[in-house]
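Structural characterization, general
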Amino acid sequence: MRNKASEGRIKLELPASSINEGFARVFAAAFAARLDPTIEEMADIKTAVSEAVTNAIVHAYPNGAGVIYISARIINGDTVEFVIRDKGEGILNVKQAMEPMYTTGGEDRSGMGFTIMQSFMDKVSVTSHLGKGTRVRLCKRISPRAAGGKK
Ligand SMILES: Nc1ncnc2c1ncn2[C@@H]1O[C@H](COP(=O)(O)OP(=O)(O)OP(=O)(O)O)[C@@H](O)[C@H]1O
Ligand SMILES: [Mg+2]
């Protein structure tokens with residue numbers, strides 16, 4: 001059941017290490033569950049949040065130490081919003097960074113993280129300042145199901 005009482009913002013802070021990446025996925029899933037998403041919508045949200053968190057781990061804090069700040073809230077009663085922030089290296093050219101297959105990560109990376117976020121979420125916005133950090137905002141509308149039925 002959807003109700004207004006569930007509309008506060010929830011925050012999570014994670015040390016930027018790949019061992020913590022699973023917390024971000026579980027957090028995203030637990031929060032999105034409030035809007036009763038389909039399994040597919042849930043998978044999309046977990047993947048998109050995970051891509052943003054992985055970027056913070058890999059690119060924002062290449063030397064290891066750092067904190068990732070994640071917040072989640074519901075907008076308009078039907079849309080989940082996640083904000084993933086870091087205080088790491090920042091991105092020189094955000095438009096270029098968001099192009100498919102653009103990567104500074106060498107052969108280990110395919111440069112598809114932002115493209116995946118854009119295909120799985122309704123809205124992706126990125127702001128970044130060199131030497132200060134990056135903020136990624138992801139939104140997805142979850143369409144309501146008919147009572148007891150499928151969407
Ligand atoms: N949080 C961040 N801090 C600093 N740079 C970032 C951050 N997120 C992304 N970038 C930059 O944007 C580029 C593109 O990111 P994207 O996620 O699309 O691809 P990737 O991480 O390089 O590869 P993939 O996600 O496919 O493994 C990165 O290579 C990096 O240069
Ligand atoms: Mg990436």
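**Re the overall build of the protein**
Broken down by element type, the protein carries four helices and five strands. Going from the N terminus to the C terminus, the protein shows its helices and strands as β-α-α-β-β-α-α-β-β. In terms of C-alpha radius of gyration, the protein reaches 16 Å, essentially the compact-globule figure of 15 Å for 151 residues. Buried positions account for 42% of the 151 residues belonging to the protein. The long-range share in the protein, meaning contacts at least 24 apart out of those at least 6 apart in sequence, stands at 65%. A total of about 8,600 Å² of accessible surface is found on the protein, and carbon and sulfur atoms cover 53% of it. Taking the average location of the 21 positive side-chain charges in the protein and that of its 16 negative ones, the two points are 8 Å from each other.

**Side note on the site of ligand 1**
By nearness alone, 19 residues border ligand 1, and Asn55, His59, Thr103, Thr104 and Met112 come closest of all. Measuring from an oxygen atom of ligand 1, one finds a side-chain N or O atom of Ser110 at 2.9 Å. The pocket occupied by ligand 1, as judged from atoms lying within 2 Å of grid points, is the largest pocket. Tallied by class, residues from the shell around ligand 1 come to seven nonpolar, nine polar and three charged.

**Side note on the nonpolar core**
Ranked by size, the top nonpolar core spans 37 residues in total, and within it Ile45, Ile68, Phe82 and Leu138 carry the most contacts. The element that contributes the greatest number of residues to this core is helix H2 (residues 39–60), accounting for nine residues. Filtering out sequence-adjacent residues up to four positions away, Ile68 remains in contact with Leu12, Glu13, Leu14, Ala16, Val53, Ala56, Ile57, Tyr61, Ile84 and Arg85.

**Looking at the sheet that holds strand E3 (residues 79–86)**
Pairing is antiparallel in the open sheet, where five strands are placed in the order E1-E2-E3-E5-E4. One side of each edge strand has no neighbouring strand; the edge strands of this open sheet are strand E1 (10–15) and strand E4 (123–129). Mean inter-strand twist for the sheet, computed between neighbouring axes without regard to direction, equals 15 degrees. Across six bridges, E1 lies against strand E2 (residues 67–75) in antiparallel orientation. Along E2, the bridge assignment pairs Ile10 with Ala72. Against the sheet, H2 contacts E2, E3 and strand E5 (133–141), and its axis sits at roughly 10 degrees relative to E3.

**Quick look at the pattern of salt bridges**
Taken as a whole and assessed by the stated rule, the structure comprises five salt bridges. Glu81 is the salt-bridge partner of Arg9, the closest N and O atoms lying 3.6 Å from each other. Highlighted residues: Arg9 in the segment before E1 and Glu81 in strand E3, separated in sequence by 72 residues. Judged by its relative accessible area of 42%, Arg9 is partly exposed. For Arg141, the salt bridge goes to Asp78, with nearest N and O atoms at 2.8 Å. Of this pair, Arg141 sits in strand E5 while Asp78 is found in the loop between E2 and E3, placing the two residues 63 residues apart along the sequence. Residue Arg141 is classed as partly exposed on the basis of its relative accessible area of 43%.

Procedures and definitions
- Residues numbered from 1 in each chain as written.
- Chains lettered and ligands numbered in written order.
- Predicted model: local features only at pLDDT ≥ 70, side-chain atom pairs only at ≥ 80, totals over all residues.
- Heavy atoms only, no water.
- Helix = DSSP H or I, 4+ residues; strand = E, 2+ residues; numbered from the N terminus.
- Rg over C-alpha atoms; globule rule 2.2 N^0.38 Å.
- Buried < 20%, exposed > 50% of the residue type's maximum accessible area, 1.4 Å probe, protein only.
- Contact = heavy atoms within 4.5 Å.
- Areas by Shrake-Rupley, 256 points an atom, 1.4 Å probe, with all protein chains shown as cover.
- Lys, Arg positive; Asp, Glu negative; His and termini not counted.
- Charge placed at Lys NZ, Arg CZ, Asp CG, Glu CD.
- Near = heavy atom within 4 Å.
- Polar contact = N/O pair within 3.5 Å; in protein donor to acceptor, adjacent residues only side chain to side chain.
- 1 Å grid on protein atoms, 1.4 Å probe; cavity = no way out; pocket = protein on both sides within 12 Å on 5 of 7 lines; lining within 4 Å.
- Sits in = over half its atoms within 2 Å of the grid points.
- Nonpolar A, V, L, I, M, F, W, Y, C, P; charged D, E, K, R; others polar.
- Core = buried A, V, L, I, M, F, W, Y, C linked by side-chain atoms within 4.5 Å.
- Pairing = 2+ DSSP bridges.
- Axes fitted to C-alpha atoms, helices over the stretch in contact; angles between N-to-C directions.
- Salt bridge = Lys/Arg side-chain N within 4 Å of Asp/Glu carboxyl O.

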